Amino acid sequence: GLAPGMLTDTQLTELADASGEEFDRLFLERMIGHHEGALIMVTDLLAAGGAQETALFEMVSNIDADQRIEIDRMTDLLAELDGD
């Protein structure tokens, strides 16, 4: 199966067929899901006892923090599109 957060062919087609505000909304929703997939992979890696080396743990921690920041930004943009 696909890794967490990866788009299916159907989702990619929907995105390719969209335009304007519909594209913006779909892109943001799909990218939020994509970034949430990265957070799932980080959680799974740490739960399995991975990333114990200092440099790797720091990288994984940075990925987690960066993805959360991007999710917050995209959530704000989505709220703006929805007029909140």
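Coordinates for the structure precede this section.
As the structure is a prediction and not an experimental result, all values here were calculated from the model.

Reading guide: rules and limits
- Throughout, a residue's number is its position along its own chain's written sequence, starting from 1.
- The predicted nature of this model means local features are confined to residues of pLDDT at least 70 and side-chain atom pairs, given and counted, to a pLDDT of 80 or more, with totals for whole chains, interfaces and linings taken over all residues.
- Heavy atoms from the whole structure form the basis of all side-chain values; hydrogens and water molecules are not counted.
- For helices the rule is a DSSP run of H or I covering at least 4 residues; for strands it is a run of E covering at least 2, with both sets numbered from the N terminus onward.
- For the radius of gyration, the atom set is restricted to C-alpha positions; the globular benchmark scales as 2.2 Å times the number of residues to the power 0.38.
- Here, two residues are considered to be in contact whenever any of their heavy atoms come within 4.5 Å of each other.
- Positive residues here are Lys and Arg, negative ones are Asp and Glu, while His and the chain termini are left out of the count.
- Where a charge sits is defined by one atom per residue type, namely NZ (Lys), CZ (Arg), CG (Asp) or CD (Glu).
- Relative accessibility decides the category of a residue: with a 1.4 Å probe and only protein chains considered, values under 20% of the type maximum give buried, values over 50% give exposed, and everything between is partly exposed.
- By convention in these notes, a salt bridge is any Lys or Arg side-chain nitrogen within 4 Å of a carboxyl oxygen on Asp or Glu.
- Axis definition: a line fitted to C-alpha atoms, limited for helices to the stretch in contact. Angles are taken between N-to-C directions and run from 0 to 180 degrees.
- The scheme is simple: roughly parallel for angles under 35 degrees, roughly antiparallel for over 145, roughly perpendicular for 65 to 115, oblique for anything else.
- Each helix crossing is assigned a hand: it is left-handed if the near helix lies turned anticlockwise from the far helix by less than a right angle, otherwise right-handed if that turn is clockwise.
- Under the scheme applied, nonpolar residues are Ala, Val, Leu, Ile, Met, Phe, Trp, Tyr, Cys and Pro; charged residues are Asp, Glu, Lys and Arg; polar residues are all the others, including Gly.

1. What about the overall build of the protein chain?
- Counting secondary structure elements, the protein chain contains three helices and zero strands.
- For the protein chain, the sequential pattern of α-helices and β-strands runs α-α-α.
- Against the compact-globule benchmark of 12 Å for 84 residues, the protein chain has a radius of gyration of 15 Å, which places it well outside the compact range.
- Overall, the protein chain is about 45 × 30 × 15 Å in size when its C-alpha atoms are taken along their principal axes.
- Sequence-distant contacts in the protein chain: of pairs separated by 6 or more residues, those separated by 24 or more amount to 65%.
- Both charge centroids of the protein chain, one from 4 positive and one from 19 negative side chains, sit 2 Å from each other.

2. Quick look at the side chain of Gln67
- Along the polypeptide, Gln67 turns up in helix α3 (residues 54–81).
- Here Gln67 falls in the buried class, since its relative accessible area comes to 17%.
- In this structure Gln67 touches His35, Ala38 and Leu39, once residues within four positions along its chain are discounted.

3. As for the pattern of salt bridges
- This structure, assessed with the given rule, holds five salt bridges.
- For Arg25, the salt bridge goes to Glu21, with nearest N and O atoms at 3.4 Å. Taken together, the residues span about one helical turn, with Arg25 and Glu21 both in helix α2 (residues 20–47) at a distance of four residues.
- Relative accessible area serves as the criterion here: at 23%, Arg25 is assigned to the partly exposed category.

4. Regarding the packing of helix α1 (residues 9–17) against α2
- Where α1 meets α2, the closest approach of the two axes is 9 Å, and the angle between their N-to-C directions is 150 degrees. In terms of axis orientation, α1 runs roughly antiparallel to α2. By crossing handedness, the relation of α1 to α2 is classed as left-handed. Within the contact between the two elements, α1 uses Gln11, Glu14 and Leu15 and α2 uses Phe23, Leu26, Phe27 and Arg30.
- Taken together, the residues of the contact of α1 with α2 sort by class into four nonpolar, one polar and two charged.

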